[in-house]
Amino acid sequence: MGSVQDLLVERTKRFRDECSALQSTIEQHVLVAHATNPLDYAWPLHEQYLTKWAGRGAKTILLGMNPGPFGMAQSGVPFGATKCVREFLDIKPVQLQTPKNAHPKRQIEGLSLERQEVSGTRIWNLMQEEYGSPETCFSHVFIVNHCPLLLLGERGQNITPDQLPKSLLEPLMQTCDLYLKDLVDILGIERIIGVGKYAERRASLVFKAKKGTGKKDDGTPLLVQTVWHPSPASPLANRNNGEDWKQNVLAVLHEKPE
């Protein structure tokens, strides 16, 4: 039996390959012009994230939806605004190759990208403000995305997985659901907080949660909750200059299970 990090890296490699196998089929749908996998072309960065910060005692997952073009698509890290990834998470830059099927307006610059994803900046800055160091942060919380694929339309607009037709969505969701279940088991997670309603609904489906409480495969309980998404497109996230969003997240993070 290997370490938690070793187990997670091997499972994530399999997840990476399973999702990559679905890319070409997804791109055949008129809605999706470009489907790329940061777990593939940005694997050296994601592997650093797993080996540095997974398995440090966190019992809570903050669960995102899928990558954005200026966050995880560049950094290989969920909600990975490049400045936060470099300075707070101490991920070392690696030269990345832009995938052949990437959107021409969304080239991969890696951690050198100057444009900062707003959602990722908000999430990771809050983690730094609240916990001080990444060591303390990851002893409490681990952050992942449910789906690793970046899905872009012809104009470069971000497409969320729930916009896909059922025939394409179901195989992708089954793959992502199985990975989430294994991730929960490997890390010993006791609570999932969906960042936004979509992620909460997905976790509730995976763990058959009722009134916020679901069950893992071994029968032990798993709490499923939600916080507001930090997207700049969300009025809730922008309210009171973002202070209301911060308080919403902190209130749920520090809520004591009954």
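Here the structure is a predicted model, which means the values were calculated and not measured. (Residues numbered from 1 in each chain as written. Predicted model: local features only at pLDDT ≥ 70, side-chain atom pairs only at ≥ 80, totals over all residues. Heavy atoms only, no water.)

**Student:** Explanation requested: the pattern of salt bridges in the structure shown.
**Tutor:** Side chains that differ in sign of charge can pair as their charged atoms come close. A full pass over the atoms with the stated rule returns 13 salt bridges. One salt bridge in this structure joins Glu 10 and Lys 13, with 3.5 Å as the shortest N-O distance. One end of the pair, Glu 10, and the other, Lys 13, are both in helix α1 (residues 4-27), three residues apart, so they sit about a helical turn from each other. What makes Lys 13 partly exposed here is its relative accessible area of 26%. (Salt bridge = Lys/Arg side-chain N within 4 Å of Asp/Glu carboxyl O. Helix = DSSP H or I, 4+ residues; strand = E, 2+ residues; numbered from the N terminus. Buried < 20%, exposed > 50% of the residue type's maximum accessible area, 1.4 Å probe, protein only.)

**Student:** Explanation requested: the pairing of strand β7 (residues 221-227) in the structure shown.
**Tutor:** Along any regular strand, the residues point their side chains to alternate faces of the sheet. Sheet topology places strand β5 (residues 191-195) next to β7; five bridges connect them, and they run parallel. When the bridges of β7 are listed, Gly 194 appears paired with Thr 226. With three bridges joining them, strand β6 (residues 213-215) and β7 adopt antiparallel strand pairing. Across the sheet, the residue bridging to Gly 214 is Leu 222, located in β7. (Pairing = 2+ DSSP bridges.)

**Student:** Quick question: what am I supposed to make of unusual backbone geometry here?
**Tutor:** Even without a glycine there, the phi angle at Lys 208 is positive, about 50°. One can find Lys 208 in the loop between α9 (197-206) and β6. According to the relative accessible area criterion, Lys 208 is exposed, its value standing at 67%. Its identity as a non-glycine residue notwithstanding, Asn 240 has a phi of 55°, on the positive side. Along the chain, the position of Asn 240 falls in the loop between α10 (235-238) and α11 (243-253).

**Student:** Help me understand the packing of aromatic side chains, please; the structure alone is not making it clear to me.
**Tutor:** Aromatic ring pairs are reported here in terms of the distance separating the ring centres and the angle at which the planes meet. Per the counting criterion, the structure on display carries eight aromatic pairs. Ring plane angle 5° and centroid distance 4.0 Å describe the contact between Phe 15 and Tyr 179, whose orientation is recorded as stacked. With Phe 15 in helix α1 and Tyr 179 in helix α8 (residues 166-187), this pair connects stretches of sequence that are 164 residues apart. Members of the aromatic cluster, each reached through a chain of ring pairs, are Tyr 49, Trp 53, Phe 88, Trp 124, Phe 138 and Phe 142. Seen from the ring of Trp 43, Arg 16 lies directly overhead, with NZ or CZ sitting 4.9 Å from the centre. (Phe/Tyr/Trp six-rings, centres within 6.5 Å; stacked < 30°, edge-to-face > 60°. Lys NZ or Arg CZ within 6 Å of the ring centre and 35° of its normal.)

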